[in-house]
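Fold and geometry: a report
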Amino acid sequence: MRAINKEKPVLVTGASGYIASWIVLQLLEKGITVHGTVRNFADVEKIQHLQVLQQNYPGKLKLFEADLLKDRSFDQAMQGCELIIHTASPFLIGKIDNPQQQLIQPAVEGTRNVLESVNRISSVKRVVLTSSVVSIYGDAIDLERNNKDKFNEQDWNVTSTPSHQPYNYSKVMAEKEAWKIVKKQQRWDLLVINPGFVLGPSLSNRTDSTSMEFMHQMVSGKMKSGVPDLYFGVVDVRDVANAHLLAGFTPSASGRHILVAKTLNVSDMARIVSQNSHDKVKVSTKKLPKILMYLFGPLMGFSWKYVNNNIGKPLYFDNSYSIEDLGVLYRDVETTLNEHVQTLIS
Ligand code: NAP
């Protein structure tokens, strides 16, 4: 049981990111002071929406420069904070040239680096880590291989490797590292948020986050001849942000938390998008034949093994612990998709 003093600042790492920006806004809306880390102050495009928040909430949002791979980079921003929300981690799928450098090192060493700061800064009482459902499973086929109907928080991804599903591997290794480090002390506790595929409106104009890029491809007509027969556990970005706050400020909360509102096939997403965009979006609801995925998938960074283990394989999650332990309320996925598309169109 750890009660966090809301008068103390809360640190959000990777504050410029798609999910973190909503966490920052929701903290500010509650009157809480935020310390946000960004990689590079000179990258104005990435941080201009945070500068607008600084104007809207005078004196409540302080930005610091910090890099996951620089030793002691987070110490200054963490001073005086009781709650740390660690979201920063590269989210890249598809064609990855150097998985170790682009994904695994920043995710795993970055988590270790942030938690070493936590061990040094004596004010910290709780860390909320943004992990993922891909730390729970590696490929959709794992569900049938394990004879399960749904994944839950007791499941761990044991199938991803640096060469097969490297993003998934980076997330499970980072989360395992965090659980290893927290067990060595008693001053602070660790709560983990495991979101599915996060969609919904963005606070910035960037389209380079993987969630934004995916919907951008749909809206810009790149999927007009068909969509991959893939299933995702979808969740709204605002509900994910809220779950981080609930995890931070619910003294009795503990453990891992799957955050998924509903499983959708990409063709379901396409149907919702085309029905509600009043013909502004040209997207096919037809599933691409698996043979085409075998032929063209490798060009987009999806190996035959990926296609075999994921295309046409349903994927379901048990979200009951997030409701029971944190009191998460889920928006319906139609609202999420519609509002996401409206922001892209406008
Ligand atoms: P995002 O917009 O790409 O955010 C990633 C953040 O990490 C950015 O702020 C980025 O900084 C920061 N970052 C990356 N490498 C860094 C480094 N070396 N040093 C410092 N900061 C670094 O993606 P997101 O979707 O919000 O993801 C946030 C977290 O949620 C990640 O941990 C991701 O794995 C997790 N997650 C995302 C989803 C999803 O569907 N979006 C689902 C489950 C879990 P820059 O702005 O400078 O690039």
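Residues numbered from 1 in each chain as written. Predicted model: local features only at pLDDT ≥ 70, side-chain atom pairs only at ≥ 80, totals over all residues. Heavy atoms only, no water.

1. Re helix α2 (residues 44–56)
- In this model α2 runs 18 Å from its N-terminal to its C-terminal C-alpha over 13 residues, within 8% of the 18 Å that 1.5 Å per residue would give.
- When α2 is considered as a whole, its buried residues turn out to be I47, H49, L50 and L53.
- Taken together, the buried residues of α2 touch α1 (18–29), β2 (34–38) and β3 (61–65). (Helix = DSSP H or I, 4+ residues; strand = E, 2+ residues; numbered from the N terminus. Expected span 1.5 Å × (residues − 1). Buried < 20%, exposed > 50% of the residue type's maximum accessible area, 1.4 Å probe, protein only. Contact = heavy atoms within 4.5 Å.)

2. Thoughts on the pairing of strand β9 (residues 255–259)
- Among the five residues that make up β9, four are buried, leaving the element largely enclosed by the rest of the structure.
- As judged from the five bridges shared by strand β6 (residues 189–195) and β9, these two strands associate in the parallel manner. Note on β9: the bridge partner recorded for N194 is I258. (Pairing = 2+ DSSP bridges.)

3. Details of the packing of helix α7 (residues 210–219) against helix α13 (residues 333–345)
- Close contact between α7 and α13 brings their axes to 10 Å; oriented N to C, the two are set at 75°. For the element pair α7 / α13, the angle class is roughly perpendicular. Contacts between α7 and α13 involve S211, M212, M215, H216 and V219 from the former and L337, H340, V341, L344 and I345 from the latter.
- Partitioned by chemical class, the residues of the contact of α7 with α13 number seven nonpolar, three polar and no charged. (Axes fitted to C-alpha atoms, helices over the stretch in contact; angles between N-to-C directions. Parallel < 35°, antiparallel > 145°, perpendicular 65-115°, else oblique. Nonpolar A, V, L, I, M, F, W, Y, C, P; charged D, E, K, R; others polar.)

4. Overview of the site of the ligand
- Looking at the ligand, there are 27 residues lining it, with S16, T87, Y167, K171 and S211 nearest.
- Separating an oxygen atom of the ligand from a backbone N or O atom of T87 is a distance of 2.8 Å.
- Y167 places a polar side-chain atom, nitrogen or oxygen, 2.6 Å from an oxygen atom of the ligand.
- Calculation on the ligand without its partners gives an accessible area of 880 Å², and the protein chains cover 94% of this total.
- Only α1, α6 (166–182) and β7 (197–199) provide two or more residues apiece to the shell around the ligand.
- The residue makeup of the shell around the ligand, split by class, is 11 nonpolar, 11 polar and five charged. (Near = heavy atom within 4 Å. Polar contact = N/O pair within 3.5 Å; in protein donor to acceptor, adjacent residues only side chain to side chain. Areas by Shrake-Rupley, 256 points an atom, 1.4 Å probe, with all protein chains shown as cover.)

5. Overview of the sheet that holds β9
- A sheet is described by the order of its strands in space; here seven strands give the open sequence β3-β2-β1-β4-β5-β6-β9, paired in parallel fashion. Either end of the sheet is taken by a strand with one partner, and the two such strands are β3 and β9. Between one strand axis and the next, the sheet turns through 20° on average, direction left out of account.
- Contacting β2 and β3, α2 crosses the sheet at an angle of about 150° to β3.
- Across the sheet, α6 is in contact with β5 (126–130), β6 and β9; its angle to β6 comes to roughly 165°.

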